[in-house]
Amino acid sequence: MPQPADLPNDVEALKGIILERSTKLEVAEALLISQKLELEKLRFEIAYLKRMKYGRSSEQLDRELVQMQLSIEDLESSLAAKPLEVRPAPKEPPEKPARRPLPAELPREEIVHENPCACPDCGGKLRPLGEDVAEMLEYVPSHFKVIKHVRPKLSCASCQRIVQPLAPSRPIERGLAGPGLLAHVLVSKYCDHLPLYRQSQIYAREGIDLDRSTLADWVGGASALFEPLVGAIGRYVFGAYKVHGDDTPVPVLFPGRGTTKQGRLWTYVRDDRPAGSAEPPAVFFRYSPDRKGERPRAHLASFSGVLQADAYAGFDKLYGEKIKEAACWAHVRRKFYDIHVALSSPVALEALEQIGRLYKVEEEIRGRPPSERYAVRQARAGPELKSLHEWLHKTATGLSKKSELAKAIRYALSNWVALTRYCEDGRLEVDNNAAERALRAVALGRKNWLFAGSDDGGERAAAIYTLLGTAKLNDLNPESYLRYVLERIADHPINKIEELLPWNLLLKMPELRIAA
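Residues numbered from 1 in each chain as written. Predicted model: local features only at pLDDT ≥ 70, side-chain atom pairs only at ≥ 80, totals over all residues. Heavy atoms only, no water.

(A) Broad picture of the environment of H299. For H299, the position within the fold is in helix α6 (residues 294-299). If we skip the residues at most four places from it in the chain, H299 touches F238, W266, Y268 and R286. (Helix = DSSP H or I, 4+ residues; strand = E, 2+ residues; numbered from the N terminus. Contact = heavy atoms within 4.5 Å.)

(B) Structural context of the packing of helix α7 (residues 329-343) against helix α10 (residues 404-414). Where α7 meets α10, the axes come as close as 10 Å, and the angle between the chain directions of the two elements is 170°. Here α7 lies roughly antiparallel to α10, going by the angle between them. Only E404, L405, A408, I409, Y411 and A412 of α10 make contact with α7, whose side of the interface consists of H331, V332, K335, F336 and I339. When the residues that make up the contact of α7 with α10 are grouped by side-chain class, the tally is eight nonpolar, one polar and two charged. (Axes fitted to C-alpha atoms, helices over the stretch in contact; angles between N-to-C directions. Parallel < 35°, antiparallel > 145°, perpendicular 65-115°, else oblique. Nonpolar A, V, L, I, M, F, W, Y, C, P; charged D, E, K, R; others polar.)

(C) Layout of the layout of surface pockets. If you add up the space inside the second largest pocket, you get close to 1500 Å³. What lines the second largest pocket is a set of 44 residues, among which K145, G178, P179, G180 and L181 lie closest to the centre. Going through the elements one at a time, α3 (179-190), α4 (196-205) and α14 (478-488) are the ones with two or more residues in the lining of the second largest pocket. When grouped by side-chain class, the residues that make up the lining of the second largest pocket number 23 nonpolar, twelve polar and nine charged. (1 Å grid on protein atoms, 1.4 Å probe; cavity = no way out; pocket = protein on both sides within 12 Å on 5 of 7 lines; lining within 4 Å. Points joined across faces, edges and corners; volume = space filled by probe spheres on them.)

(D) Here's a closer look at the packing of α7 against helix α8 (residues 346-365). Across the interface, α7 lies against α8 with an axial gap of 9 Å and an inter-helix angle of 150°. The angle between α7 and α8 places the two elements in the roughly antiparallel class. Crossing hand, α7 versus α8: left-handed. Residues W329, A330, V332, R333, F336, Y337, I339 and H340 of α7 touch α8, and the partners they reach there are A348, L349, A351, L352, I355, L358 and Y359. (Left-handed = near helix turned anticlockwise from the far one by under 90°.)

(E) Fine view of the packing of aromatic side chains. For the structure shown, the criterion picks out eleven aromatic pairs. With a centroid separation of 5.4 Å and an interplanar angle of 75°, the aromatic rings of Y190 and Y465 are classed as edge-to-face. Of the two residues, Y190 is situated in helix α3 and Y465 in helix α13 (residues 456-473); the sequence distance between them amounts to 275 residues. The exposure classification of Y190 matches that of Y465, with both residues buried. With 6.3 Å between their ring centres and 70° between their planes, W266 and F315 make a pair best called edge-to-face. A residue pair is termed long-range when its members are at least 10 positions apart, and W266 in strand β4 (residues 259-270) and F315 in the loop between β6 (305-308) and β7 (323-326) qualify at 49 residues. Each member of the pair W266 and F315 is classed as buried. An aromatic cluster is built from F238, Y268, F284 and F303, whose rings are joined through pairwise contacts. Cation over ring: K189 sits above Y190, and NZ or CZ is 5.2 Å from the ring centre. (Phe/Tyr/Trp six-rings, centres within 6.5 Å; stacked < 30°, edge-to-face > 60°. Buried < 20%, exposed > 50% of the residue type's maximum accessible area, 1.4 Å probe, protein only. Lys NZ or Arg CZ within 6 Å of the ring centre and 35° of its normal.)

As structure tokens, this is what we get:
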């Protein structure tokens with residue numbers, strides 16, 4: 001650094017030195033800001049990835065826990081200021097949770113333990129005094145059985161005509177599997193996430209040789225049988241006023257390369273129960289080999305109404321007079337939540353608190369009719385949305401455009417019209433969680449199976465997920481439902497396929513319900 005004696009006496013020269021130093025300082029400050037933003041970005045990404053791998057899935061802030069910690073701190077401070085001698089209270093044993101009774105419909109096997117014939121002390125005669133009964137839950141391993149269809153042949157003594165009963169239909173023509181086994185294979189793969197090769201190993205332990213390729217043929221044959229029923233569910237879903245939409249990546253085996261490519265499973269959900277509707281819920285899955293915008297446009301070609309979804313750019317060309325957009329507050333909340341967890345940002349925390357007040361309103365009106373939901377939202381959520389909108393604009397002006405907070409705020413503001421549409425229509429929801437819940441089964445099983453050799457496996461998975469997901473939404477046991485359908489669908493009239501829809505079996509076949 002030059003000393004004062006080294007500086008020139010010329011004013012213009014001094015101005016030049018000052019200008020040069022000022023320019024260097026500005027460059028250094030800009031570099032420092034850039035490095036800080038990069039450091040913030042890296043910290044955010046590391047914390048986000050750690051939470052994805054190890055953290056809780058819930059995005060709630062645990063306000064109750066925070067409040068309890070604050071209360072503990074206050075109490076500790078008070079005790080430190082005014083120490084008191086307090087005798088410790090005797091510890092009471094913790095209460096054991098009440099054991100729920102075993103379901104009454106389970107079969108019972110009674111074992112009566114015999115008493116001696118005479119008193120062990122004096123040899124006197126014993127008389128009945130009552131009895132103690134205790135139940136123990138036991139597991140009987142599942143087992144295979146062979147059903148032999150015997151069709152006697154008779155011949156006429158007069159004309160020699162041969163008479164024989166018709167052979168019963170099989171779910172898969174000339175197939176070995178009965179409806180119950182087929183249903184079990186499908187539920188094991190798509191509900192319980194057991195790949196077919198693992199199922200083959202399990203059956204081998206029972207002495208049954210079922211090759212993986214045989215099981216794969218059964219899955220393909222069953223999905224072909226289900227096509228009319230899946231189509232009926234799709235027509236029902238797209239006949240709604242509002243549909244929830246979302247998608248998720250799925251690994252697909254790339255033929256000839258020994259690697260995998262990324263396909264997509266799309267879900268479309270009809271569920272108006274939160275708005276007090278008695279119409280049954282349903283979910284419809286579709287598969288595509290990529291995520292091009294033309295895929296959802298083809299899926300939704302017959303739909304007219306409101307699509308509740310995230311801000312995926314591929315949906316943009318759908319929106320217009322025919323389809324209106326309703327965005328998802330859960331996506332907005334998640335962005336601020338990730339920043340809060342990664343950087344402990346008070347600004348992100350404030351955003352979460354304000355969004356939380358919107359959800360508090362929704363909790364109180366869940367299940368109410370649309371007109372009532374609209375009135376409450378206008379009176380309570382409307383002012384909250386206005387306040388949040390102003391706060392987002394004001395906060396954004398003080399942030400670097402490259403910061404994670406600025407990106408989260410821009411996401412909310414750029415989608416504001418779609419985000420607030422729910423407040424203008426009591427039939428809409430505050431978020432797209434209905435679609436996200438439908439995709440959880442896919443996410444759970446994603447690591448456990450790959451599609452076999454082509455995109456055809458994706459189409460089969462979409463069909464079976466449609467049936468299983470819709471059965472569960474209607475409180476039907478998925479395996480019992482598939483078994484019932486497979487017992488009948490081969491001979492069922494195609495023009496009466498709606499009779500096999502899950503909600504149409506609720507009253508007719510109560511035994512198909514999930515056990516309470």
